[in-house]
Amino acid sequence: MPGIDQCLLEAMLLPGALGAGVVDWASGLSLGAIGDSPGGDHEVTAAETAELARTAAEHPDFGASPSRHGEDLPAVGPPATDLPVEDLIITTRTAYHVLCFVETAFDSSVFLHLWLDREEGNLALARLRLRGLAERLVL
């Protein structure tokens with residue numbers, strides 16, 4: 001089971017990978033980063049993507065579904081294991097950004113962020129591999 005550094009190294013092996021990071025979406029802090037950053041600063045990128053991830057994770061209209069017990073999920077701050085959102089995919093003219101939420105046994109608020117060149121990358125492959133990394137990641 002890979003730790004943060006190994007996970008990031010594996011993410012960078014994906015075709016077209018430009019940069020990757022592990023971010024705490026509650027605080028906006030980068031827990032680790034590798035490669036390039038879209039804005040040139042990994043900390044700024046972490047804070048900006050954390051805001052996007054937090055909005056999606058906490059907003060009831062972004063995929064919130066009934067929990068296992070038939071009750072609605074809370075609108076704010078669901079536990080990581082009950083997050084209605086698995087991934088966020090943002091496309092630009094030149095790149096893809098894949099944000100993959102990491103589910104943990106404890107109340108976690110972590111996601112993987114992969115910055116992928118649109119010409120060289122394969123979005124479907126990246127999403128599947130990133131999900132696999134998120135499932136194996138040891139925090």
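Residues numbered from 1 in each chain as written. Predicted model: local features only at pLDDT ≥ 70, side-chain atom pairs only at ≥ 80, totals over all residues. Heavy atoms only, no water.

Novice: Got a sec to walk through the pairing of strand β4 (residues 95-102)? Specific residues and values, please.
Specialist: Of all eight residues in β4, eight are buried; the element is thus mostly enclosed. The alternating pattern of β4 places A95, H97, L99 and F101 and Y96, V98, C100 and V102 on opposite faces, both of which are buried. Bridging between strand β3 (residues 87-91) and β4 involves five bridges; their strand directions are antiparallel. Within β4, the residue paired with I89 across the bridge is V98. Taken together, β3 and the strand that follows it, β4, pair antiparallel across an intervening segment of three residues. One ladder, built from eight bridges, connects β4 with strand β5 (residues 110-117); its direction is antiparallel. The partner of Y96 across the bridge, within β5, is L116. (Buried < 20%, exposed > 50% of the residue type's maximum accessible area, 1.4 Å probe, protein only. Helix = DSSP H or I, 4+ residues; strand = E, 2+ residues; numbered from the N terminus. Pairing = 2+ DSSP bridges.)

Novice: So, helix α1 (residues 4-11): which residues are in play, and what are the values?
Specialist: Listed as buried for α1 are I4, C7, L8 and A11. Taken end-on, α1 shows its buried residues confined to a sector of 95°, consistent with a single buried face. Residues of α1 that are buried make contact with β1 (17-24), β2 (29-35), β5 and α3 (123-136). (Arc of directions from axis to C-beta. Contact = heavy atoms within 4.5 Å.)

Novice: Could you give an account of the environment of C7, naming the residues involved and the relevant values?
Specialist: Along the chain, C7 turns up in helix α1. The class of C7 is buried, set by a relative accessible area of 1%. On a C-alpha basis, the gap between C7 and L133 in space is 6.3 Å, while along the polypeptide they are 126 residues apart. Look past the residues within four positions of C7 in its chain and what remains in contact with it is P2, L112, L133 and L137.

As far as function goes, none of this settles anything; it's purely spatial.
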